[in-house]
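The residues making up each chain are set out below.
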Amino acid sequence: MTELMLALDVLTRAEAMDIAEKTYPYIDAIKIGYPLVLGSGLSVARDLAEFDLPLIADFKVADIPNTNRLIAEHVFEAGFSGIITQGFTGRDSVSACVDVAHNAGGKCYVVTEMSHPGALDFMGEGVAERLAELAVECNADGIIAPATRPERVKALRQIIGSKKILSPGVGAQGGSAEEIAPLIDSMIVGRSIYNSEDPAKAAQSYSCVRDL
Ligand code: O7M
């Protein structure tokens, strides 16, 4: 089954709680990042805990190992169950996030190739494969790979085996839910749900592709 992860990139706590309230029966996890946390504070994680879903911190952490560790400790103390880190900072920085996550009983995911067109300026074929290898070597729980390029997801799957693939880019960025669902473990969807006139119905429609 392909899970549905809501990218809750709204700007206020009130909007976040409203969208989560409407969609939680149809989603498997919530991902929040800078847009919501800078608008509402890290404590929004505690409010979202009421929906009893895995909560992933998407700060795409990208610093030296000590700073990564400090960031990751804040994240897990705040109540998140997972963290997303960049991989290009190298194995010691990635390992710092993985270690804190696993010590807290949480998960760590590594960005390999991003979903937008500009990602190919630096992160395309070759680099993404190396980042996926690094994710495996560092014992990360999975990778982020682009729903906008299913053929790249297939290539990265060869490297990571049964580790998780979390994939953004469906809907607003043009990726097809039906095409990507069989290739991944979790589909990350934001605007097509939270900007919809009926977020519950939109989430439900994405959750229908789960079993493809
Ligand atoms: O469905 P959208 O386009 O509104 O939102 C997609 C979400 O996925 C949004 O939170 C992005 O920041 C995130 N994302 C990408 O869109 N592309 C990537 O390559 C990586 C991410 C991401 O989640 O990285 C962890």
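My aim in this report is to walk through the structure given alongside it, one point at a time.

Analysis parameters
Each chain carries its own residue numbering, running from 1 in the written order of its sequence. Whole-chain, interface and lining totals are the exception, using all residues; otherwise, since this is a predicted model, local features are given only for residues with pLDDT of at least 70 and side-chain atom pairs are given and counted only at 80 or more. As a rule here, side-chain values come from all non-hydrogen atoms in the structure, and water together with hydrogens is ignored. Think of it in three bands: with a 1.4 Å probe and only protein chains considered, a residue is buried below 20% of the maximum accessible area for its type, exposed above 50%, and partly exposed in between. Only DSSP runs of H or I covering at least 4 residues are called helices, and only runs of E covering at least 2 are called strands; the numbering of each starts at the N terminus. Should DSSP find at least two bridges between two strands, the strands are taken to pair. Two cysteine sulfur atoms form a disulfide, by the criterion used here, when they sit within 2.5 Å. Working definition: a ring pair exists when centres of Phe, Tyr or Trp rings (six-membered ring for Trp) sit within 6.5 Å. Plane angles under 30 degrees give stacked, over 60 give edge-to-face, the rest tilted. The contact criterion used is simple: two residues touch if any of their non-hydrogen atoms lie within 4.5 Å.

1. Some points on the pairing of strand E7 (residues 164-168)
- Within E7, 4 of the 5 residues are buried, which leaves the element mostly enclosed by the surrounding structure.
- In this structure, strand E6 (residues 142-144) lies alongside E7, joined through 3 bridges in parallel fashion. Each bridged residue has a counterpart across the sheet, and for Ile 143 the counterpart in E7 is Ile 165.
- Both E7 and strand E8 (residues 186-189) contribute to a ladder of 3 bridges, which runs parallel. Pairing of Ser 167 across the sheet is with Met 187, part of E8.

2. Quick word on the state of the cysteines
- The tally for this structure, following the rule as stated, stands at 0 disulfides.
- No disulfide involves Cys 97; its nearest neighbouring cysteine sulfur is the one of Cys 108, lying 5.1 Å away.
- Note on Cys 108: relative accessible area 0%, which makes it buried.

3. Regarding the packing of aromatic side chains
- All chains considered together, the criterion is met by 2 aromatic pairs.
- Here Tyr 24 and Phe 51 contribute two aromatic rings whose centre-to-centre distance is 5.4 Å and whose plane-to-plane angle is 40 degrees, an arrangement assigned as tilted. Of this pair, Tyr 24 sits in the loop between helix H1 (13-23) and strand E2 (29-33) while Phe 51 sits in the loop between helix H3 (44-48) and strand E3 (55-61), and the two are 27 residues apart along the sequence.
- Judged by relative accessible area, which is 7%, Phe 51 ranks as buried.
- Taking 5.2 Å as the distance between ring centres and 50 degrees as the angle between the ring planes, the aromatic pair formed by Tyr 34 and Phe 59 counts as tilted. Linking Tyr 34 in helix H2 (residues 34-40) with Phe 59 in strand E3, this pair joins segments that are 25 residues apart in sequence.
- Assessed through its relative accessible area of 43%, Tyr 34 is described here as partly exposed.

4. Some remarks on the side chain of Glu 129
- Summarising the element assignment, Glu 129 is placed in helix H6 (residues 127-137).
- If sequence neighbours within four positions are ignored, Glu 129 has contacts with Gly 124, Arg 152, Ala 155, Leu 156 and Ile 159.

5. Concerning unusual backbone geometry
- With phi around 55 degrees, Asp 52 is a residue other than glycine that occupies positive phi space.
- Take Asp 52: it is sitting in the loop between H3 and E3.
- Overall, the relative accessible area of 70% leaves Asp 52 in the exposed class.
- Here the phi dihedral of Asn 139 falls at roughly 65 degrees; this positive angle occurs in a residue that is not glycine.
- Assignment of secondary structure puts Asn 139 in the loop between H6 and E6.
- By relative accessible area, Asn 139 is classed as partly exposed at 44%.

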